[in-house]
Amino acid sequence: MPQIVIDRELCKGCERCVDACPQKILGMGKEINGKGYFFATVLEQKRCIGCRLCCITCPDVAIEMRVHGTMYHYFAY
Ligand code: SF4
Ligand code: SF4
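These remarks concern the structure in this document. Along each chain, the written sequence defines residue order, and numbers are assigned to residues from 1. All chains are assigned letters beginning at A, and all ligands numbers beginning at 1, according to the order in which they are written. Owing to the predicted nature of the model, reporting of local features is limited to residues with pLDDT of at least 70; listing and counting of side-chain atom pairs is limited to 80 or more, with chain, interface and lining totals taken over all residues.

1. A short note on the overall build of the chain
Going by this rule: Helix numbering and strand numbering both begin at the N terminus, where a helix is a DSSP run of H or I of at least 4 residues and a strand a DSSP run of E of at least 2. For the radius of gyration, the atom set is restricted to C-alpha positions; the globular benchmark scales as 2.2 Å times the number of residues to the power 0.38. Neighbour density around each residue's C-beta defines its exposure: 20 or more other C-beta atoms within 10 Å make it buried, 12 or fewer make it exposed, and counts between make it partly exposed, where C-beta atoms are placed from the backbone.
Within the chain, the secondary structure is distributed over 2 helices and 5 strands. In the chain, the order of α-helices and β-strands from amino to carboxyl end is β-α-β-β-α-β-β. Whereas a compact globule of 77 residues would reach a radius of gyration of roughly 11 Å, the chain reaches 12 Å, a difference of no more than 12%. Relative to its full complement of 77 residues, the chain shows a buried share of 18%.

2. Focus on the site of ligand 2
Note the cut-off: Only the C-beta atom matters for this test: placed from the backbone, it must lie within 6 Å of a molecule or strand for the residue to be near it. All amino acids are sorted into three groups, where Ala, Val, Leu, Ile, Met, Phe, Trp, Tyr, Cys and Pro are nonpolar, Asp, Glu, Lys and Arg are charged, and the leftover types, Gly among them, are polar.
Neighbouring residues of ligand 2: 15 residues in total, closest C11, C14, R16, C17 and C58. Secondary structure elements with two or more residues in the shell around ligand 2: α1 (16-20) and β3 (38-42). Residues of the shell around ligand 2, tallied by class, amount to 9 nonpolar, 2 polar and 4 charged.

3. Observations regarding the site of ligand 1
In the vicinity of ligand 1 lie 14 residues, with C21, C48, C51, L53 and C54 positioned nearest. Across the shell around ligand 1, the residue classes tally to 11 nonpolar, 2 polar and 1 charged.

4. Notes on the sheet that holds strand β1 (residues 3-6)
Stated formally: For two strands to pair, DSSP has to find at least two bridges joining them. Axis lines are fitted through C-alpha atoms, for helices just across the contact stretch, and the angle between N-to-C directions can take any value from 0 to 180 degrees.
A sheet is described by the order of its strands in space; here 3 strands give the open sequence β1-β4-β5, paired in antiparallel fashion. A single partner strand is all that each edge strand has here, and the edge strands are β1 and β5 (70-72). For this sheet the average axis-to-axis angle between neighbouring strands, irrespective of direction, equals 30°. The pairing of strand β4 (residues 63-67) with β5 spans 3 bridges and is antiparallel. Paired with V67 across the two strands is T70, which belongs to β5.

5. Points about the pairing of β4
For a regular strand, side-chain orientation follows a simple rule: the groups alternate between the two sheet faces. By the bridge criterion, 4 bridges tie β1 to β4 in an arrangement that is antiparallel. When the bridges of β4 are listed, V5 appears paired with E64. The turn linking β4 back onto β5 is made up of 2 residues, and H68 within it adopts a positive phi angle of 50°.

6. Topic: the environment of V61
Position of V61 relative to the elements: it lies in the loop between α2 (53-57) and β4. Residue classification places V61 among the partly exposed residues on the basis of 15 C-beta atoms within 10 Å.

Function cannot be read off these values alone, since they describe shape.
Written out as structure tokens, the structure is:
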């Protein structure tokens, strides 16, 4: 089962990932990170289909996906 990992300190709260997720399982949290932004969180991990749209959409490369223990980084720079 895919596992989505969001780096709260890289997130700037733009909500693009929330809009992109076809399963609508991402949302914005109520806490703020060190930069003062509300950051995205996974609301219902078990319904993730591993489509990677959230990883690809995030402009700050804050989202990674783990599948069977392997971490996938997208567009790391
Ligand atoms: S991989 Fe796809 S289904 Fe899973 S959280 Fe990201 S956009 Fe949603
Ligand atoms: S797309 Fe990236 S920066 Fe924007 S809310 Fe989602 S995780 Fe945060």
